[in-house]
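What follows is each chain in one-letter form.
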Number of protein chains: 2
Amino acid sequence: MQDDRRHIASAFDRDLEAIQALIMKMGGLVEASITEAAKALATRDEELAEEVRLNDKAIDELEERVNEEAARVIALRAPTAVDLRVILSVMKMSSALERIGDLSKNMAKRTGVLVQMPQINGSTTALKRMAREVEAMLKDALDAYIQRDAELAQDVIDRDGDVDQMYNALFREFLTFMMEDPRNITACMHLHFIAKNIERMGDHVTAIAEQVIFLRSGEVPGDRVKHDLITPDAGPEGSGGD
Amino acid sequence: MQDDRRHIASAFDRDLEAIQALIMKMGGLVEASITEAAKALATRDEELAEEVRLNDKAIDELEERVNEEAARVIALRAPTAVDLRVILSVMKMSSALERIGDLSKNMAKRTGVLVQMPQINGSTTALKRMAREVEAMLKDALDAYIQRDAELAQDVIDRDGDVDQMYNALFREFLTFMMEDPRNITACMHLHFIAKNIERMGDHVTAIAEQVIFLRSGEVPGDRVKHDLITPDAGPEGSGGD
């Protein structure tokens, strides 16, 4: 009986490790997607942008696999409450990764539009910097998960505030460009969308980091104070756009 | 043995019905949230907008309950592949509903900002019409789920094209307003965000309808042709913003 239980437990652990490997693979693809989408935008490289769009399929397929594996494990192992919590958090993480991938794909989609428009001083560089920060946060969030490092996870959550600040600064910048010259309006609308999408990536990375803290403490951290409060002069959107 | 199996099956069905009841409750709250957020925007009613924001908590809590119940059922009943598919689709539906609720909350958040700005001719009426269409689609998607009506689900998916068209028309309208008068820019940026959020609500409703078809056929319908292709003169974003 003891043996049986040990056997069942270790079987669950093996299954969980297999799923976590899929999550890490997903994370790697999403990190690459963010970097390349930002690079394609900054260098106006439509081919690279197209690649990012095509690679998103692989991310979506991995999410499906994670969900199927997770369900299979739950059905097969009937895990304890604690193990169940781990499986559910893994499913939430894969969903967050898939959404970050979609946002990155959308950034790539806009590259094709923006190459046909006037360049807006330094905006793509600022967006690339913002994307690099989000990608670094994602890397740390995944490390925090593997190491169950709540401190690192909290650090990731805190850094999302910087991303929100970057977004708000860009939002104001775009408004200025548009008011200065109406010919900038369409390009700025697209660039603003990209900025907003990167800001939302940060929110999803935060959701991953929150799962790490949840796994350690059993409690999801309370609502963060967002730094992009809705005021006419600050960023346009509160948290939880999706 | 026969009896056992029958007994297990019916116990699963009872559990599933309880979860579906939660989904329907969620759906009702989300429908109300969309209507009231659009009404608050059109009538510049900040109190109603605040209500929408507060009511979103109840939607989030229901999603948590659905996920917990679903996990409990999977662990307890070790459902067959087919039953497992139903449970997973229920979890996807609650996630889609939660995201629609968030988007509706964001629409409400902007009302407080927009009341401080010049009104843009007829735009809030157009947004309200768009929101009404999405709400009707959501109602039909939930009916289609309960009745396992793949035809109605397909109809919902097709109607999302109209919502995309409405969005594209508004996008062009906002560009025009901004170019006509720079003083309209900030207000139009916010109104455009609302239009985009309603368009995204339509995508999430479509995802719910796709689950119905998936349950009937075992296959998720292929990628829809989106009507908001990214071109400078059309809407700014392809599908899958999140």
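In this text, all values refer to a predicted model and were calculated from it rather than measured experimentally.

Asker: How would you sum up the overall build of chain A? Please name residues and give values.
Answerer: In terms of regular secondary structure, chain A is built from six helices and zero strands. Mapped in sequence order, the helices and strands of chain A form the string α-α-α-α-α-α. Taking all 242 residues of chain A together, the buried fraction comes to 57%. Partitioning the intrachain contacts of chain A with sequence separation of at least 6 by distance along the chain shows that 83% fall at a separation of at least 24. Just so you have it, chain A exposes about 10,000 Å², and 50% of that area is on carbon and sulfur atoms.

Asker: I'd love a proper account of the UniProt feature "domain: PhoU" (unreviewed entry) in chain A, names of residues and values included.
Answerer: Residues and elements named next belong to chain A. Following the UniProt record, the feature "domain: PhoU" (unreviewed entry) maps to residues 23-111 and 127-212 here. Between the first and last C-alpha atoms of residues 23-111 the distance is 28 Å; the span itself is 94% helix and 0% strand. Taken end to end, residues 127-212 is 92% helix and 0% strand, and its first and last C-alpha atoms sit 28 Å apart.

Asker: Describe in detail the pattern of salt bridges, supporting the description with residues and values.
Answerer: All names here are of chain B. This structure, assessed with the given rule, holds 22 salt bridges over all chains. Its salt-bridge partner being E69, residue R72 comes within 3.2 Å of it at the nearest N-O pair. Here the residue R72 and the residue E69 both occupy positions in helix 2 (residues 46-77), the gap between them amounting to three residues, near one helical turn. By relative accessible area, which is 36% here, R72 ends up partly exposed.

Asker: Give me a negative patch on the surface: which residues, what numbers.
Answerer: Together, B:D45, B:E46, B:E47 and B:E51 make up a negatively charged patch on the protein surface. Mapped onto the fold, B:E47 is located in helix 2.

Asker: I'd like to hear about the packing of helix 4 (residues 123-146) of chain B against helix 6 (residues 185-217) of chain B, residue by residue, with values.
Answerer: Residues and elements named next belong to chain B. The N-to-C vectors of helix 4 and helix 6 enclose an angle of 15°; their axes lie 9 Å apart at closest approach. The angle between helix 4 and helix 6 falls in the class roughly parallel. The way helix 4 lies across helix 6 gives a crossing that is left-handed. The class makeup of the residues in the contact of helix 4 with helix 6 is 19 nonpolar, four polar and one charged.

Asker: Can you lay out the nonpolar core for me, pointing to particular residues and giving the numbers?
Answerer: With 157 residues, the main nonpolar core has A:I87, A:L138, A:I198, B:I87, B:L138 and B:I198 as its most contacted residues. Not counting residues up to four positions away in its chain, the partners in contact with B:I198 are B:M107, B:L127, B:M130, B:A131, B:V134 and B:V163.

Asker: Summarise the packing of aromatic side chains; cite the residues concerned and give the values.
Answerer: Under the criterion given, the structure shown has three aromatic pairs over all chains. The ring of A:Y145 is capped by A:R148, whose NZ or CZ atom sits 4.5 Å from the centre of that ring.

Asker: Break down the packing of helix 3 (residues 81-114) of chain B against helix 4 of chain B for me, citing the residues and quoting the values.
Answerer: Residue and element names in this part refer to chain B. Here helix 3 crosses helix 4 at 165°, and the two axes come no closer than 13 Å. On the basis of their axis angle, the class for helix 3 and helix 4 is roughly antiparallel. Seen from above, helix 3 lies across helix 4 with left-handed handedness. Of the residues in helix 4, those touching helix 3 at V86, S89, V90, M93, L97 and I100 are L138, L142 and Y145. Tallied by class, the residues present in the contact of helix 3 with helix 4 amount to eight nonpolar, one polar and no charged.

Asker: Can you tell me about the confidence of the model for chain A, naming the residues and giving the values?
Answerer: Residues and elements named next belong to chain A. Put simply, chain A has an average pLDDT of 86, and 86% of its residues get 70 or more. Highest mean pLDDT in chain A belongs to helix 4 (residues 123-146) (95); lowest belongs to helix 1 (residues 2-43) (86). Confidence over residues 223-242 falls short of pLDDT 50; this stretch has 76 contacts with residues more than four positions distant or in other chains. Reported confidences for the modelled complex are a pTM of 0.80 and an ipTM of 0.71.

Asker: Which residues make up unusual backbone geometry, and what are the values?
Answerer: Residue and element names in this part refer to chain B. Within the chain, R44 stands out as a residue other than glycine whose phi angle is a positive 55°. Relative to the helices and strands, R44 resides in the loop between helix 1 (2-43) and helix 2. Located in the positive-phi region is R148, a residue other than glycine, with phi close to 50°. Here R148 is to be found in the loop between helix 4 and helix 5 (150-180).

About the criteria used
Residues numbered from 1 in each chain as written. Chains lettered and ligands numbered in written order. Predicted model: local features only at pLDDT ≥ 70, side-chain atom pairs only at ≥ 80, totals over all residues. Heavy atoms only, no water. Helix = DSSP H or I, 4+ residues; strand = E, 2+ residues; numbered from the N terminus. Buried < 20%, exposed > 50% of the residue type's maximum accessible area, 1.4 Å probe, protein only. Contact = heavy atoms within 4.5 Å. Areas by Shrake-Rupley, 256 points an atom, 1.4 Å probe, with all protein chains shown as cover. UniProt positions renumbered as here; feature names shortened; annotations may be inferred. Salt bridge = Lys/Arg side-chain N within 4 Å of Asp/Glu carboxyl O. Patch = residues over 30% accessible without salt bridge, like charges linked within 9 Å, V, L, I, M, F, W, Y side chains within 5 Å. Lys, Arg positive; Asp, Glu negative; His and termini not counted. Charge placed at Lys NZ, Arg CZ, Asp CG, Glu CD. Axes fitted to C-alpha atoms, helices over the stretch in contact; angles between N-to-C directions. Parallel < 35°, antiparallel > 145°, perpendicular 65-115°, else oblique. Left-handed = near helix turned anticlockwise from the far one by under 90°. Nonpolar A, V, L, I, M, F, W, Y, C, P; charged D, E, K, R; others polar. Core = buried A, V, L, I, M, F, W, Y, C linked by side-chain atoms within 4.5 Å. Phe/Tyr/Trp six-rings, centres within 6.5 Å; stacked < 30°, edge-to-face > 60°. Lys NZ or Arg CZ within 6 Å of the ring centre and 35° of its normal. pLDDT = per-residue confidence, 0-100.

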